[in-house]
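Close look at the chain arrangement
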Amino acid sequence: MEERLIDRIGRRVSVVGLGTWQLGADWGQVEEKDAVAVLEAAVESGVTFLDTADVYGDGRSEQIIGRFLRAHPGLFVATKMGRRAPLDPAEYTLDNFRAWTDRSRANLGVETLDLVQLHCPPTPVYSRDEVFDALDTLVDEGRVAAYGVSVETCDEALTAIARPGTASVQIILNAFRQKPLERVLPAAAEAGVGIIARVPLASGLLSGRYRHDTEFGPADHRTFNRRGEAFDVGETFSGVDFDTGVEAAREFAALAAPGAVPAQIALRWIIQQPGVSTVIPGARNAEQVRANAAAADLPPLPEATLDAIRDVYDDRIRPQVHHRW
């Protein structure tokens with residue numbers, strides 16, 4: 001699989017990675033044997049980048065990955081911190097950072113975390129010098145090799161990119177969330193900051209498999225967070241109203257080339273955006289992992305398809321999301 005260099009980290013990562021939120025929580029229960037099968041299929045498919053967080057299953061995702069790493073050393077594992085505590089800027093201190101990263105290091109079974117990301121913190125955190133001084137200290141102490149941020153908004157991303165120590169920005173980017181193309185991706189590319197594209201399938205909408213009457217389990221955030229009841233609504237269906245998303249996804253699915261499924265077209269669209277380092281779709285089973293990884297082998301989408309995807313966004317999606325994030 002193609003690998004891309006993240007300049008401020010100095011390491012290459014697979015252009016299709018694996019998001020592992022679903023291995024911990026909030027997408028329904030996943031048995032550990034099934035989680036391991038997902039990880040094995042990812043590695044077999046050329047994936048070298050895994051993204052997790054200390055809050056996914058309260059550490060379960062990290063622990064499963066940690067056990068997997070013992071037999072598969074050399075993978076790049078990015079984790080996140082900050083959402084096990086109240087979302088209060090006062091919580092973002094060096095002492096807390098040390099405690100949080102120590103817990104993640106223990107969960108993953110590593111001395112040094114490859115990358116730790118602030119996990120969608122309150123907006124004022126991005127403007128506090130002492131926060132980034134503390135992150136620099138983590139690097140100096142060897143707890144982490146590099147740090148980045150996971151953001152909700154484009155303005156937060158731009159503030160973080162301006163910090164000289166920020167190695168990466170994780171942001172929602174997909175055919176239903178195109179605003180980062182305007183300023184975030186160009187600024188990151190100029191600064192040498194990696195872009196980790198998350199929620200690439202808009203919580204599954206872009207797979208084209210959902211209907212208006214599709215239901216999800218009670219432990220699935222696509223049930224309990226549709227209006228932002230538990231966390232930012234932009235994390236669920238990219239903030240798009242479900243019925244609107246189903247209709248837009250139907251139009252998007254019609255653009256898939258012969259031999260490719262809509263989810264692969266959605267991933268290919270992200271891969272070819274200038275400045276993207278890796279895209280991190282989740283997967284519940286090995287078949288999904290392999291299909292996602294295969295998107296890296298597709299030829300670039302032609303201009304006519306790109307224009308049609310833009311039209312779907314402009315007509316259906318832009319009024320709901322573009323001004324919000």
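The preceding data block contains the structure.
This text gives an overview of the structure that appears in the document. These figures come from a predicted structure and were not determined experimentally.

**Focus on helix 10 (residues 286-294)**
When helix 10 is considered as a whole, its buried residues turn out to be Ala-286, Val-289, Asn-292 and Ala-293. Take helix 10 and look down its axis: the buried residues cluster within an arc of 125°, on one side only. The secondary structure elements touched by the buried residues of helix 10 are strand 3 (18-19), helix 1 (32-44) and helix 9 (262-271). The opening residue of helix 10 is Asn-285, an N-cap whose side-chain oxygen sits 3.2 Å from the backbone nitrogen of Glu-287.

**Description of the environment of Asp-95**
Mapped onto the elements, Asp-95 comes out in helix 3 (residues 94-108). In sequence terms Asp-95 and Ala-157 are 62 residues apart; their C-alpha atoms lie 25 Å from each other.

**Some remarks on the packing of aromatic side chains**
The full count for this structure, using the stated rule, is 13 aromatic pairs. A centroid spacing of 6.1 Å and a plane angle of 80° characterise the contact between Tyr-92 and Trp-100, whose relative ring orientation is edge-to-face. There is no split in this pair, since Tyr-92 and Trp-100 are both buried. Every member of this aromatic cluster is reached through a ring pair, and the members are Trp-21, Tyr-56, Phe-224 and Phe-231. Positioned above the aromatic ring of Phe-242 is the side chain of Arg-226, whose terminal nitrogen or guanidinium carbon lies 4.4 Å from the ring centre.

**Here's the deal with the sheet that holds strand 3**
Spatial strand order, 3-4-5-6-7-8-9-10: 8 strands in an open sheet with parallel pairing. Two strands close off the open sheet at either side, each with one partner strand: strand 3 and strand 10 (278-279). Pairing of strand 6 (residues 115-119) with strand 7 (residues 147-150) involves 4 bridges; the strand directions are parallel. Residue Leu-118 lies in a different strand from strand 7, and its bridge partner there is Val-149.

Rules behind the numbers
Note on numbering: residues in each chain are counted from 1, in written sequence order. Given that the model is predicted, a residue must reach a pLDDT of at least 70 before its local features are reported, and side-chain atom pairs must reach 80 or more before they are shown or counted; all residues, however, enter totals for whole chains, interfaces and linings. Side-chain metrics rest on all non-hydrogen atoms present in the structure, leaving aside hydrogens and water. Burial classes: relative accessible area under 20% of the type maximum marks a residue as buried, over 50% as exposed, and values in between as partly exposed (1.4 Å probe, protein chains only). By the criteria applied, helices consist of DSSP H or I runs no shorter than four residues and strands consist of E runs no shorter than two, each listed in order from the N terminus. In this description, the arc belongs to the directions extending from the helix axis to the C-beta atoms. Any two residues having at least one pair of non-hydrogen atoms within 4.5 Å are treated as being in contact. Distance and chemistry together define a polar contact, namely a pair of N or O atoms within 3.5 Å, with one atom able to donate a hydrogen and the other to accept it when in protein, and with adjacent residues in sequence counting only for side-chain atoms on both sides. Whether two aromatic rings pair depends on their centres lying within 6.5 Å, for rings of Phe, Tyr and Trp, where Trp uses its six-membered ring; planes under 30 degrees apart make the pair stacked, over 60 edge-to-face, and the rest tilted. We count a charge as sitting over a ring when the NZ of a lysine or the CZ of an arginine lies within 6 Å of the ring centre and within 35 degrees of the ring normal. In this analysis, strands are considered paired if DSSP registers two or more bridges between them.

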